[in-house]
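# Chains, contacts and geometry: an overview
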Amino acid sequence: MCGLAGELRFDNQPADLAAVERITHHLAPRGPDAWGFHSQGPIALGHRRLKIMDLSDGSAQPMIDSHLGLSLAFNGAIYNFPELRAELESLGYQFHSGGDTEVLLKGYHAWGADMLPKLNGMFAFAIWERDNKSLFIARDRLGVKPLYLSRTDKRLRFASALPALLKGGDISPMLDPVALNHYLNFHAVVPAPRTLLAGVEKIPPATWMRVSAEGKIEQKVWWTLPYGPHADEANLTLEDWRDRVLDSTREAVAIRQRAAVDVGVLLSGGVDSSAVVAMMAQQNPETVTTCSIGFNDPDFDESTFANQVAQRYTT
């Protein structure tokens, strides 16, 4: 988990770096390991880093590639970055770091928005294109990683958390009554693009947005979930589906262990986290690390089940 922030001006004024700094430093709990800023004319980017994929300073952010004319602030994890890196190297790109950030930056240069369907991961990022003075923002398929926006006729600001975005100033505290209704009726969920504040929105999941320095905005949904079987799946049996779901889940668990740090499991004792522990234990002969939370109220406590799973797999 990292945090990103930024501002793009529409009024021929330089970006307010001080505001971006305030927003970025309020994101410190999301990224306690390092931070950085980049400012160039109408754009300013900020980043707080939690080191996961590459522990070196080679993956520090914002990442600037002067040769390509691109600047990137990124929150998330691209699990298939080694395969994408190999594909980009075959196209002639050279790399100077070992993580997924540089792969994302050069992948955008190679493929533009067509890069997004290639990504296996969770992400929210902003890329500034120096030469055509436009900002490209995108979120992952299911919106796992957040990104909040505040737009006026003079500027666009964005951040990984709404409270941090408020630190930039000049945002009205007025509530959005429709969003409040959603919050109270949908179990504390406000569907995008609304937020509880009338002056702040969320970029929807599986959506990209391109914003020019003049304030022109282009927005597109780049992925939708297909329902129903494909033509070659119509005759699959229940056992076939069971095997496919199990195989794909094992693959998902395996690819999420690609990290430069130890990977553990928040073990609640429920079916899903217990299954993840079992699959990790099968894939990794070393002891799996699990963390659990218990409650004094027996209506909420599942620690008995978590203990059973932990003992079964010696976590």
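Residues numbered from 1 in each chain as written. Predicted model: local features only at pLDDT ≥ 70, side-chain atom pairs only at ≥ 80, totals over all residues. Heavy atoms only, no water.

## Structural notes on the layout of surface pockets
Put simply, the rule is: Using a 1 Å grid laid over the protein atoms alone, points where a 1.4 Å probe fits but cannot get out form a cavity; open sets with protein on both sides within 12 Å along at least 5 of 7 lines form a pocket; any residue with an atom within 4 Å of a point counts as lining. Grid points are joined across faces, edges and corners, and a volume is the space filled by probe spheres set on the points. Only DSSP runs of H or I with at least four residues qualify as helices, and only runs of E with at least two residues qualify as strands; both kinds are numbered from the N terminus onward. In this classification, Asp, Glu, Lys and Arg are treated as charged, Ala, Val, Leu, Ile, Met, Phe, Trp, Tyr, Cys and Pro as nonpolar, and every other residue, Gly included, as polar.
Of the pockets and cavities examined, the largest pocket occupies roughly 690 Å³. Along the walls of the largest pocket sit 35 residues, with Gly76, Ala77, Tyr79, Met122 and Lys145 positioned nearest its centre. Mapped by element, the contributors of at least two residues to the lining of the largest pocket are strand E5 (70-78), helix H3 (100-111) and strand E6 (121-129). The biggest single contributor to the lining of the largest pocket is E5, with four residues. Taken together, the residues of the lining of the largest pocket sort by class into 17 nonpolar, eight polar and 10 charged.

## Details of unusual backbone geometry
Between glutamine 61 and the following residue, proline 62, the backbone shows a cis peptide bond with an omega angle of -5 degrees. Cis geometry is found at the peptide bond from alanine 192 to proline 193, where omega equals 10 degrees. Take proline 193: it is sitting in the loop between helix H5 (177-185) and strand E10 (201-202). With a phi close to 65 degrees, asparagine 12 is a non-glycine residue in the positive phi region.

## Notes on the sheet that holds strand E11 (residues 207-212)
For the record, the criterion: We call two strands paired when DSSP finds no fewer than two bridges between them. Only C-alpha atoms enter the line fits that serve as axes; for helices the fit covers just the stretch in contact. Angles between N-to-C directions range over 0 to 180 degrees. Whether two residues are in contact is decided by their heavy atoms: any pair within 4.5 Å suffices.
If you trace the six strands from one edge of the open sheet to the other, you get E4-E5-E6-E7-E11-E12, paired in antiparallel fashion. Where the open sheet ends on each side, the last strands, each with one partner, are strand E4 (63-65) and strand E12 (217-221). With strand direction ignored, the average angle separating the axes of adjacent strands in the sheet is 15 degrees. Pairing of E6 with strand E7 (residues 134-139) involves six bridges; the strand directions are antiparallel. Note that in E7 the partner of glutamate 129 across the bridge is serine 134. Across the sheet, H3 touches E4, E5, E6, E7 and E11, and the angle it forms with E5 is around 125 degrees.

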